[in-house]
Amino acid sequence: MAEAHSAVAFSFSITHEGWHLNYDREVLHLVWQSGIRSWKKRLAQFRSGVRNGVYPAHLQSLWLVIAVAIALHFTQRHVPFNLVSKFLGLLPGDTVGYQLAACGLAGLFFWLCICYTMRYSLKLLLMYKGWMYEKRAPGSKVSLPTRLWALFVKVLATWNKPGLYSFQGSLPRLPLPSVQETMSRYLRSVRPLLNDSNYTRMESLAKEFESTIAPKLQRYLMLKSWWSTNYVSDWWEEYVYLRGRGALMVNSNFYGIDAIFTQPTTVQSARAASVINMLLQFRRIVERQELEPILVQGLVPLCSWQYERIFNTVRVPGVETDKIVHYQDSNHIVVLHRGCYYKVVIYHNGRILRPCELQIQIEEILNSSDKPQPGEELVAALTAGDRTKWAKIRESVFAKGVNKTSLHLIESAAFVLSLDEHPFEFDMAHPEKLDQFGRYLLHGNGHDRWFDKSFTVCVGSNGRIGFNSEHTWADAAVMSHIWEMLIMEETHPRYDENGNTLGIPEFEPPKPKRMAFNLDYPEALDAIQEAHVASQQLLNDVDLRIFVHDAYGKGLMKKCRLSPDAYLQMALQLAYYRDAGKFSLTYEASMTRLFREGRTETVRPCTIESAAWVKAMEDPSIGVEERVKLLNKACDRHQLGYQDAMCGKGIDRHLFCLYVVSKYLELDSPFLKEVLSEPWRLSTSQTPHGQTAKMDLKKHPNCISAGGGFGPVADDGYGVSYIVAGEDLIFFHISSKKSCGTTNSERFAQQIARALADIKHLFEQYKTQQQKQKSVTNGTAAN
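Note that the coordinates shown come from a computational prediction; the quantities given were computed from them, not determined experimentally.

A. Highlighting the sheet that holds strand E18 (residues 600–603). Strand order in this open sheet of six strands is E16-E22-E21-E19-E17-E18, and the pairing throughout is mixed. The open sheet has two free edges, formed respectively by strand E16 (542–549) and E18, since each of these has just one partner strand. When strand polarity is set aside, the average angle formed by the axes of neighbouring strands in this sheet is 20°. As paired strands, E16 and strand E22 (residues 729–737) are joined by eight bridges and run antiparallel to one another.

B. How the structure looks around the confidence of the model for the protein chain. Overall, the prediction assigns the protein chain a mean pLDDT of 90, with 93% of residues at 70 or greater. With pLDDT under 50 throughout, residues 1–10 is counted as low confidence; its partners more than four residues away or in other chains account for 15 contacts.

C. Region of interest: the sheet that holds strand E14 (residues 465–469). Overall, mixed pairing links the eight strands, which are arranged E15-E9-E8-E12-E13-E14-E3-E20 in an open sheet. Edge positions in the sheet fall to strand E15 (513–514) and strand E20 (708–709), since each of these pairs with one other strand and no more. In the sheet, strand E3 (residues 254–257) pairs with E14 via four bridges, with the strands oriented antiparallel. Bridging across to E14, Phe254 finds its partner in Ser469. Sheet strands touched by helix H11 (residues 268–287): strand E8 (332–337), strand E12 (416–419), strand E13 (455–459) and E14. Its angle to E13, the strand with the most contacts, is close to 150°. Docked against the sheet, helix H14 (residues 401–412) engages E8, strand E9 (340–345) and E12, running at close to 110° with respect to E8.

D. Quick look at the pattern of salt bridges. Considering all chains together, one arrives at 39 salt bridges under this definition. The salt bridge partner of Arg387 is Asp452, with a shortest N-O separation of 2.8 Å. Taken together, the residues Arg387 in helix H13 (residues 387–397) and Asp452 in the loop between helix H15 (431–442) and E13 connect sequence positions 65 residues apart. Exposure class is identical for Arg387 and Asp452. Each is buried. In this structure, Arg754 and Asp758 form a salt bridge, with 3.9 Å as the shortest nitrogen-oxygen distance. Here Arg754 and its partner Asp758 are both found in helix H24 (residues 745–782), four residues apart, which amounts to about one turn of the helix.

E. Seen up close, unusual backbone geometry. Positive phi, normally seen in glycine, also occurs at Val250, with a value near 75°. Among the structural elements, Val250 can be located in the loop between helix H10 (233–242) and E3. Since its relative accessible area comes to 2%, Val250 is described here as buried. With a phi close to 60°, Arg561 is a non-glycine residue in the positive phi region. Secondary-structure assignment places Arg561 in the loop between helix H18 (554–559) and helix H19 (564–580).

F. Region of the structure containing the UniProt feature "transmembrane region" (unreviewed entry) in the protein chain. Mapped onto the present numbering, the UniProt feature "transmembrane region" (unreviewed entry) falls at residues 57–76 and 96–118. When the span residues 57–76 is considered, its composition is 70% helix and 0% strand, and the gap between its end C-alpha atoms is 28 Å. As a span, residues 96–118 carries 100% helix and 0% strand, and end to end its C-alpha atoms are 33 Å apart.

G. Region of the structure containing the pairing of E22. Summarising burial for E22: nine of the nine residues are buried, a large majority. Of the two faces of E22, both are covered, the one formed by Leu729, Phe731, His733, Ser735 and Lys737 as well as the one formed by Ile730, Phe732, Ile734 and Ser736. Bridging between strand E21 (residues 718–726) and E22 involves seven bridges; their strand directions are antiparallel. The residue of E22 that forms the bridge with Gly726 is Leu729. The turn joining E21 and E22, which pair antiparallel and follow one another in sequence, is formed by two residues.

H. Focus on the nonpolar core. Counting 157 residues, the largest nonpolar core has Phe415 and Phe671 as the members making the most contacts within it. Apart from the residues lying within four places of it in its own chain, the contact partners of Phe415 are Ile276, Leu279, Leu280, Phe311, Ile333, Val334, Lys453, Phe455 and Val457.

I. The arrangement of the side chain of Ser330 in detail. Assignment of secondary structure puts Ser330 in the loop between strand E7 (323–326) and E8. Looking at Ser330, its side chain comes within polar contact range of the main-chain oxygen of Ser412, at 2.8 Å. When near neighbours in sequence (up to four residues on either side) are disregarded, Ser330 contacts Arg283, Asn312, Ile346, Tyr347, Ser412, Ala413 and Ala414.

Conventions used here
- Residues numbered from 1 in each chain as written.
- Predicted model: local features only at pLDDT ≥ 70, side-chain atom pairs only at ≥ 80, totals over all residues.
- Heavy atoms only, no water.
- Pairing = 2+ DSSP bridges.
- Helix = DSSP H or I, 4+ residues; strand = E, 2+ residues; numbered from the N terminus.
- Axes fitted to C-alpha atoms, helices over the stretch in contact; angles between N-to-C directions.
- pLDDT = per-residue confidence, 0-100.
- Contact = heavy atoms within 4.5 Å.
- Salt bridge = Lys/Arg side-chain N within 4 Å of Asp/Glu carboxyl O.
- Buried < 20%, exposed > 50% of the residue type's maximum accessible area, 1.4 Å probe, protein only.
- UniProt positions renumbered as here; feature names shortened; annotations may be inferred.
- Core = buried A, V, L, I, M, F, W, Y, C linked by side-chain atoms within 4.5 Å.
- Polar contact = N/O pair within 3.5 Å; in protein donor to acceptor, adjacent residues only side chain to side chain.

So, in structure tokens, the structure goes:
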């Protein structure tokens, strides 16, 4: 074994003839290179940390301030507060050298004062959220306070090029809403879901909670908001993700799809090699903090905290709670093919392997005749099943020997790559192919994805790609950012006319090393088989439909002067009401990354206004003008809810944290218990794209991903992810469970198509009616 060889690479022995030293020069060279890379990385991180610590000031400005202090002192002009003399009095002499040292200390003091003044000024400016509520309709004017605010932010934030984490110290903390505000918003959000008697009951529960234990819970939460960076994120990660005992596959992990209108190569090994190289390049700019932070409207920074754990990260199972483990460095990836696992070294002589060199390694794996050992082919099913069972078998079977070594190699890898044996296909004439594409990425065959890893890259036999991502370490926007960078990078020439990667290898790359498992005994095989059976039951129950809507897109929505997201959420409300015959509690994810360590908040699209509009659409007695008026009100209300959620004025995260505190204090609350047990039968999310300036769809219109999706949150509900892919294109990823008799993804897709068509027709009718009224008015005026 390679690991055993490494263990004896260096040995020392003493005999009667003297001492003898044995060492393997090649292994020691690898150790030396690894140490050099590690120290370079630490030095780069230290430099970046210093730069981020003083941002938005320039590091170089320190020498300018010191030079000014020296000039003032030696020209007999006093430095403010006479600091040079004060520092000189603390030094043992007053020679020129000591005077220069005193000037340096005085300059450093003033420089730090300037740095922190700028930093906290920027933090105060970023606390202002009035810009979020400004109307963005054509012709609308921006208020004077917002214009002045934008000017000051631009001056402070853009005169020095920021690194990835430069804004972290300037981002404000997530504000804690008052209990009264949250109660008011909550009761308003559930009004369309409850009849009069149930609403009265919920009102009384809310009032009882507000007047009894809520103030005490809020005080504890207030302390946490002062003490911690973010009062939600650590508890959200712990209790919503890590303490969940159910399967990650389908229930938690999500997926993303390739750019389906373009295919740079059909050679599987070439595409895999290119993607590996681009991901490693991305990892390097993240580690060096050279990646530009995302700025909303080119001005307001988003928190970059989640980027720290993209690579070398794994969710480790525990009996009661899992944990996220992030390795500081990794010089390998793990490739999974035909049930066999391979360690692929990705560095040589201190540099990342080039795509042409990586392709040689991938082709060697594809051409290998290796067969999986007993139990090895299904071992990844353990990561797809029950977390407690996986934790127990991990402690007994994977705690020592070759199994421990191989498991560590997988978990410490930069990421996992799966070379699938089937093609990932897309054909507008055969929508079932895209549905199957999504299923391959969501769950594969249940044992060809390592669901614990931060992400697994999946490469089809025809060269198309996708990913499956674990959800605990970050939200979908981070993976979406990586994915669009990869897609746009492949607009540059990377393949020759035969589809192979460009370039000539400079050396023979390290050969992939087959990893070994010892699973051929009853305890291990029984646990693997049990996990495999459970994963098959779960994935066979998934009903996934990817609906491509190309009748119109955001172009028409903007002409209607409506937010595309609000427009689509109203369509989903209408579709669900027609499908289920009732309204349901609806979840839409919104980010809170305008605040430090922010993750998500829930927008509740089912509102009093949206319910009124949906009912109007189903009531033939209500006219076109009234329906349009109600739709505008519903969209405005949705926009306000989305803005409130992004600005820390949401409902659900506050209630969740109050519930956690109540559990710690062992205080029972019927109100919180009922609120937290309400099922989200319609769970929705919009896939972000165009997060950076590199995503230029005008130049490269075919470089749009079909987005991604996730499994249903409720057994009797739908999971709907959508991406507004262009002026005339929208993708909907609709998931449900086949075992539920009341849901059907194909039927719901048809209801969405019908709802979108009805809204378009509504505005066409309204436009025609307005033109007729205008003609009548003009005719009357002429007479």
